[in-house]
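A closer look at the structure
Each chain, written out:
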Amino acid sequence: MTGQQSEGDRKHPVDETLPPFKMFTSGLQHVAAMYAGVVAPPMIVGPACGLSAAETAFLMGASLFTAGIATLLQTLGFWKVGAKLPFVNGVSFAGVTPMVAIGKAQSPDDALPIIFGAVIVAGVLGFLVAPYFSKLVRFFPPVVTGTVITLIGVSLLPVAFNWSQGGNDRAPDYGSLTNIGMAALTFVIVLVLRRVLRGFLQQIAILLGLIAGTLIAIPVGITHFSALSQASLVGFPTPFHFGAPQFDIAAIVSMCIVMLVCMTESTADMLALGRIVGRPADERTIEGGLRADTLGTALSPLFNGFANSAFAQNIGLVAMTKVRSRFVVATGGLILIVLGLCPVAASVISLVPLPVLGGAGIVLFGSVAASGIQTLASAAMEKGDNALIVAAAVGIGLIPIAAPDFYHHLPKDLLVVLDSGISTGCLVAIALNLAFNHFGGKTADGDAGDVGDAGDAGDATTADPPAAVGHGGPAPAAAPAH
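Throughout what follows, the structure given in this document is the object of discussion.

About the cut-offs
- Residues numbered from 1 in each chain as written.
- Predicted model: local features only at pLDDT ≥ 70, side-chain atom pairs only at ≥ 80, totals over all residues.
- Heavy atoms only, no water.
- Helix = DSSP H or I, 4+ residues; strand = E, 2+ residues; numbered from the N terminus.
- Contact = heavy atoms within 4.5 Å.
- Buried < 20%, exposed > 50% of the residue type's maximum accessible area, 1.4 Å probe, protein only.
- Phe/Tyr/Trp six-rings, centres within 6.5 Å; stacked < 30°, edge-to-face > 60°.
- Lys NZ or Arg CZ within 6 Å of the ring centre and 35° of its normal.
- Salt bridge = Lys/Arg side-chain N within 4 Å of Asp/Glu carboxyl O.
- Expected span 1.5 Å × (residues − 1).

**Some words on the environment of Ala83**
Looking at the secondary structure, you find Ala83 in the loop between α3 (53–75) and β1 (89–91). Considering only alpha carbons, one finds Ala83 and Leu290, 207 residues apart in sequence, at a separation of 7.8 Å. Once residues within four sequence positions are removed from consideration, Ala83 is found in contact with Gln74, Met270, Thr285, Gly288 and Gly289.

**Digging into unusual backbone geometry**
Despite not being glycine, Trp79 has its phi angle at roughly 50°, a positive value. Unlike most non-glycine residues, Asn304 shows phi in positive territory, near 70°. Assignment of secondary structure puts Asn304 in the loop between α12 (283–299) and β2 (308–310). Looking at Asn304, the relative accessible area reads 0%, which means it is buried.

**Description of the packing of aromatic side chains**
Taken as a whole and assessed by the stated rule, the structure comprises four aromatic pairs. Arranged with centres 5.8 Å apart and planes meeting at 75°, the rings of Phe58 and Phe242 form a pair that is edge-to-face. In this pair, Phe58 sits in helix α3 while Phe242 sits in the loop between α10 (226–230) and α11 (249–277), placing the two residues 184 residues apart along the sequence. Per residue, the accessibility class of Phe58 equals that of Phe242, and both read buried. Their ring planes at 85° and their centres at 5.1 Å tell us that Phe406 and Tyr407 sit as a pair that is edge-to-face. Residue class for Tyr407 comes out buried when judged on its relative accessible area of 11%. The lysine or arginine in question, Arg291, covers the ring of Phe127, its NZ or CZ lying 5.7 Å from the ring centre.

**Thoughts on the pattern of salt bridges**
Counted according to the given criterion, the structure contains four salt bridges. Among the ionic pairs, Arg291 bridges to Glu287, the shortest N-O distance being 2.5 Å. Remark: Glu287 and Arg291 occur in helix α12; sequence separation between them is four residues, near one turn of the helix. Here Arg291 matches Glu287 in class, with each residue buried.

**Regarding helix α9 (residues 205–220)**
For α9, with 16 residues, the first-to-last C-alpha span of 22 Å sits near the 22 Å given by 1.5 Å per residue. Among all positions of α9, only Ala205, Ile206, Leu207, Gly209, Leu210, Gly213, Thr214 and Ala217 are buried. Just beyond α9, the residue with positive phi is Gly221, at close to 100°.

Here's what the structure looks like:
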């Protein structure tokens, strides 16, 4: 009985704290994995809204700051806000296309205020509907979550490939032997470190690989220090720096659609992360997580930020390192806030060349796809039409990756959803699971596709939750990186 009591009193790994040094380095590793994904959207939206290079840099700092706030809301939480899982939040790439369209349609003085007004309304709407949206968790049994996790990993791999080539397809050295060589070298370094190191050093193998790759890249000539020399020591994202928010109906509708897409992806990500850390995400967890997403989104424009949502790449990092503490990710959130307040510190992180980041990203994102496959192994694929569900959902989900222009003749408003393979694949999997395993009347014994058991949504029946990259979990975020 003493042993049972001790076992019961033991903290879940999600709620454990690590020694300060381990906490910091593990949190820094999360920041390094998601940094490029956070600064990419403002780098695209800023010029589209007529901002100068200095103003765009300010927007990037604001995005880092607001990502840190959203991550703290998600990991630490309060009241009914926050999934309280090691869940990283940052600027969603789903909103880039509509925000660019808004920016180009408005005058430079009105573009960002209109975008910020639409983001605020979308965030408030999302916060209000979160309790109802979270009830959809019963429609995510293993056959659906496994499909979505696989799509998350596969959707992110093109991001890593793009980084490996240099990140900018207009640059003269894009796809050069130097860039690809550095990506390949970093890829090998990460694999070797993961194989030979033990304990904590193995857990931070990605960070060590990024540091090694960056140091090697200095004599190669692809590590640039110009941003570091030009950055100021302190820079606070002044509230409403670009003007008070304005509210335009068309922009609001567009961003509300983006918010729903983000909520769909975040739900899938939370279910995947819950499996990886051994704490399946139930309806209450999903509700708290969506509230954190949407509250962070509603607050972001105050500090000149955009819509926030889950970063899948960091889920892959949790799966690979086996570090499941939410306080590690909260430390990463604090680091993001410091980076947003200290441009010099942010510039140090930005020294990591994209090819180096791409080489490490291949390992990270590939681990997510592997995790999805492992989840599908527990989804009774031999029963009913589950294999058909996976085949159709993965096929539809791969369209934006394999044929990016496939939907180019369709209305632009639809592209917000259709250009996200994760969203389309998820919706197809849910619809077919309902049609074949629920409304179709199938009651196969233990059929993982049956939505009748709400509890099945996140825990993959009674299978032991994967805990390592052997059990990869989802991963990192989609669209460029989110």
